[in-house]
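Structural overview for review
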Amino acid sequence: MSTDDHVAVTTGIARLHASPGLAWPGRLELVTNHTGVLPDLRPAAPALLEVGARLVARFGPEHGLHRSSQGGESEAAHADPATGLPVHDTHRCSGEHVDKLLLDRGVDALVYDLQDIGARFYTCVWTIFDLMVSAARTGVRFVVADRPDPLGGLVSKGPLLAPTWASFFGRAAVSVRHGLTCGELAWYRNAAVVSHVASSTVDLTVIQVVNRQRAMDAEATALPWVAPSPSIPTPATATVHGTCLFEGRNLSEGRSTTQPFEIAGAPYIDARFAPSLAELNLPGVHFPVLWFVPAFHKHAGRLLRGVQLHVTDREVFAPVRTAVAMLNTPRRLYPDHFAWRAADSGMEGSDQRPFIDLLWGVRPFTACRRRGRRPTADATRPMGRRRHAAISLRSAAAPRDLLLFP
């Protein structure tokens, strides 16, 4: 979608900078990372301090405040050199620890400003849930300075998370591509989830994005793109989000290369792989052969044969369906080399379950394979055409009263 017919899109944090009173009075703690910037790329924290916001501390998510850590890692607590504010790590912290931090700091409100990628796998968006629960327990207000979903908000795609498979890779029953902003997810979780976990809802305010339409993707908003994590360098990476499923098996998803999640390969892949994928006639994507050497992570230092996901038409491209087909194909071609990866021992919800089952989030992906069935990806679902009390496994779309944008 062209930006020619639209006035400037204004993010929630830009609106808060212009009107600090939107976060109410009191002592504020900013939940953010390097993506927390104004439209001119000035970091939000020092800019808010300049206009009189009473920031007393900052929370950093997975990858850390400065995006210096890889997946599953974060930065140690430290003082922010730009503001002098203490920085607390939230990644894998217990609720009790976060409760204590809020009480010790005398925080009146948490202000959340993180760029999401529009996919359930992305853990930073679930940091909002954990902090909302702590805020509800401690009587702290919660403010979401909203940002657009870079994939747009017209459709949801992929299976919806089942509650029994909830983990840090999915806290609520939403699709793999959920089509919601962080503010919309917060509204849903507050009513449907936080109230059950914390025995009450949190005092929630969403500072909405102005002039954003649901059809807008990252390019259409004309906002600057700041890579949310080391492995999501461009909006194109977010577009192929289904390949995050590759993290659950011994197929490299291209981490530590210049095209993470846009390429896939393994030492056992041979000349049959690319033609087998081409025969599937998957919509909106081609699979040119590619050779690459990961610098670290799976198969580090080894020359791998594989393919690139070359998306030719984003409108018809089905990222989850494509990723599932790309997992099924090597399982059929190379059964002696196929292997699932176990979740890290310290990973929440792992309890020795295969990592891919946590990512898939519904009936076990691995069980489908053992029974001879192929896991299939749900079809694309339009947003907002069916009304339900909450997003659930029976709900094919978000209810209209949760959608903050037309």
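Up top is the structure.
Residues numbered from 1 in each chain as written. Predicted model: local features only at pLDDT ≥ 70, side-chain atom pairs only at ≥ 80, totals over all residues. Heavy atoms only, no water.

1. A short note on helix H5 (residues 182-198)
Inclusion rule: Per the convention used, a helix needs a DSSP run of H or I reaching at least four residues, while a strand needs a run of E reaching at least two, with both numbered from the N terminus. In this analysis, the expected span of each helix is defined as 1.5 Å times one less than the number of residues it contains. Only protein chains enter the accessibility calculation, which uses a 1.4 Å probe. A residue is then buried if its area is under 20% of the maximum for its type, exposed if over 50%, and partly exposed in between. Should any heavy atoms of two residues lie within 4.5 Å, those residues are counted as being in contact.
Helix length check: H5, at 17 residues, gives a terminal C-alpha distance of 20 Å against a target of 24 Å (1.5 Å per residue), a shortfall beyond 12%. The complete set of buried residues in H5 reads Cys182, Gly183, Glu184, Leu185, Ala186, Tyr188, Arg189, Asn190, Val193, Val194 and Ala198. Where H5 is buried, its residues touch strand S5 (109-113), helix H4 (124-138), strand S6 (141-145) and strand S9 (204-207). Of the residues flanking the end of H5, it is Ser199, one or two places downstream, whose phi is positive at about 70 degrees.

2. Topic: the pairing of S5
To keep it simple, the criterion reads: Here, a strand pair is defined by DSSP locating no fewer than two bridges between the strands.
With five of its five residues buried, S5 lies for the most part within the structure. Neither face of S5 is exposed, since Ala109, Val111 and Asp113 on one face and Leu110 and Tyr112 on the opposite face are all buried. Inspection of the sheet shows S5 paired to S6 by four bridges, in the parallel sense. Following the sheet pairing, Leu110 is matched in S6 by Phe142.

3. Details of the sheet that holds strand S10 (residues 263-266)
The condition that has to hold: In this analysis an axis means a line fitted to C-alpha atoms, helices contributing only their contacting stretch, and an angle means the value between N-to-C directions, from 0 to 180 degrees.
Strand order in the open sheet made by the three strands is S10-S13-S12, with antiparallel pairing throughout. Strands at the two margins of the open sheet, each flanked by one partner only, are S10 and strand S12 (289-292). Here the average twist between neighbouring strands, direction ignored, is 35 degrees. Relative to strand S13 (residues 304-308), S10 is paired through four bridges, and the arrangement is antiparallel. Along S13, the bridge assignment pairs Gly265 with Gly306.

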